Amino acid sequence: MTDWTAVLWGFVAGIVAGLLAFFVPIIGHIGAGLVAGGVAGYLAGGGLGSGAWHGLLAGALDGIVIVLLIVPLATLVGGIGAGPLGGLVGGLGVLTVGLVIAFVVALDSAIGGAIGALVS
């Protein structure tokens, strides 16, 4: 069973760590994903599989929220540059590619979640 409280705390930790990654390049965005997953996995506990699952969800949620914030901008820019069809294609293209990338990039969060669950 998914512990959504752990996922939401991991999401918040990922956003904060991601913002810090812009100012402290040593941490980087991979480190931010590890932190997000680690927090979610630690709070969820329950073994490596559970920690990895909760970390993956926390990292993917970070990516999904960022994509949903970027899609309207891509639609607007595409609409200005290529008309209504350009806006539709631009927005849907960014949405599709962004969601795939969000889940691929969330793999480091799954690793962090497994480590967090191991520590707890």
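Before reading on, note that the structure itself is shown above.
Throughout this description, residue numbers start from 1 for each chain and increase along the sequence as written. Only residues with pLDDT of at least 70 are given local features in this predicted model, and only at 80 or more are side-chain atom pairs given and counted; all residues enter the totals for whole chains, interfaces and linings. Processing note: side-chain calculations cover all non-hydrogen atoms of the structure and skip hydrogens and water entirely.

Trainee: What exactly am I supposed to notice about the overall build of the chain here?
Mentor: Counting from the N terminus, the helices are the DSSP runs of H or I reaching at least four residues and the strands are the DSSP runs of E reaching at least two. On a plain count of helices and strands, the chain comes out with 4 helices and 0 strands. Exposed residues in this analysis have more than 50% of their type's maximum accessible area, buried residues have under 20%, and partly exposed residues fall in between, with area computed by a 1.4 Å probe over protein chains only. Expressed as a percentage of its 120 residues, the buried residues of the chain come to 38%. Any two residues whose heavy atoms approach within 4.5 Å at even a single point are treated as in contact. Taking contacts inside the chain between residues at least 6 apart in sequence as the whole, the part at least 24 apart equals 75%.

Trainee: Is there a simple way to explain the side chain of Ser109 in this structure?
Mentor: In this structure, Ser109 sits in helix α4 (residues 107–119). Excluding residues within four positions of it along the chain, Ser109 makes contact with Gly33, Ala36, Gly37, Gly55, Leu56 and Gly59.

Trainee: Help me out: how do you make sense of α4 in this one?
Mentor: Given 3.6 residues per helical turn, the α-helix brings residues three or four places apart onto the same face. Under the convention used throughout, the expected extent of a helix is 1.5 Å for every residue step, that is, one less than its residue count. Compared with an ideal rise of 1.5 Å per residue, which puts 13 residues at 18 Å, α4 spans 19 Å between its outermost C-alpha atoms and is within 8% of the ideal. Taken together, the buried positions of α4 are Asp108, Ser109, Ala110, Gly112, Gly113, Ala114, Gly116 and Ala117.

Trainee: Sorry if this is basic, but what is going on with the packing of helix α2 (residues 28–44) against α4 here?
Mentor: Helix packing for two helices is described by the angle between their axes and how far apart those axes are. Where α2 contacts α4, the two axes come as close as 6 Å, and the packing angle between them is 40°. Considered as vectors, α2 and α4 are oriented oblique to each other. Here the hand of the crossing between α2 and α4 comes out right-handed. Where α2 abuts α4, its residues His29, Ile30, Gly33, Leu34, Ala36, Gly37, Gly38, Gly41 and Tyr42 lie against Asp108, Ser109, Ile111, Gly112, Gly113, Gly116, Ala117 and Val119. All axes here are fitted lines through C-alpha atoms, helices being fitted over the stretch that makes contact, and every angle between N-to-C directions spans 0 to 180 degrees. What sets the label is the angle itself: under 35 degrees gives roughly parallel, over 145 gives roughly antiparallel, 65 to 115 gives roughly perpendicular, and the rest give oblique. In this scheme the crossing of two helices becomes right-handed for a clockwise turn of the near helix relative to the far one and left-handed for an anticlockwise turn of less than a right angle.

Trainee: What is the right way to read helix α1 (residues 4–23) from this model?
Mentor: Here α1 contains 20 residues, and its C-alpha end-to-end distance of 29 Å stays within 8% of the 28 Å for a straight helix at 1.5 Å per residue. Taken together, the buried positions of α1 are Ala6, Val7, Gly10, Phe11, Ala13, Gly14, Ala17, Gly18 and Ala21. Put simply, Asp3 is the residue that caps the front of α1, since its side-chain oxygen is 3.2 Å from the backbone nitrogen of Thr5. What qualifies as a polar contact is a pair of N or O atoms within 3.5 Å, subject to a donor-acceptor requirement within protein and to the restriction that residues adjacent in sequence count only when both atoms come from side chains.

Trainee: What's the story with the environment of Ala58 in this structure? I'm lost.
Mentor: Along the polypeptide, Ala58 turns up in helix α3 (residues 48–105). The exposure class assigned to Ala58 is buried, which follows from its relative accessible area of 0%. As a C-alpha pair, Ala58 and Ala21 span 37 residues in sequence and 17 Å in three-dimensional space. Setting aside chain neighbours within four positions, we find Ala58 in contact with Val7, Gly10, Phe11, Ala36 and Ala40.

Keep in mind these values describe shape, not function.
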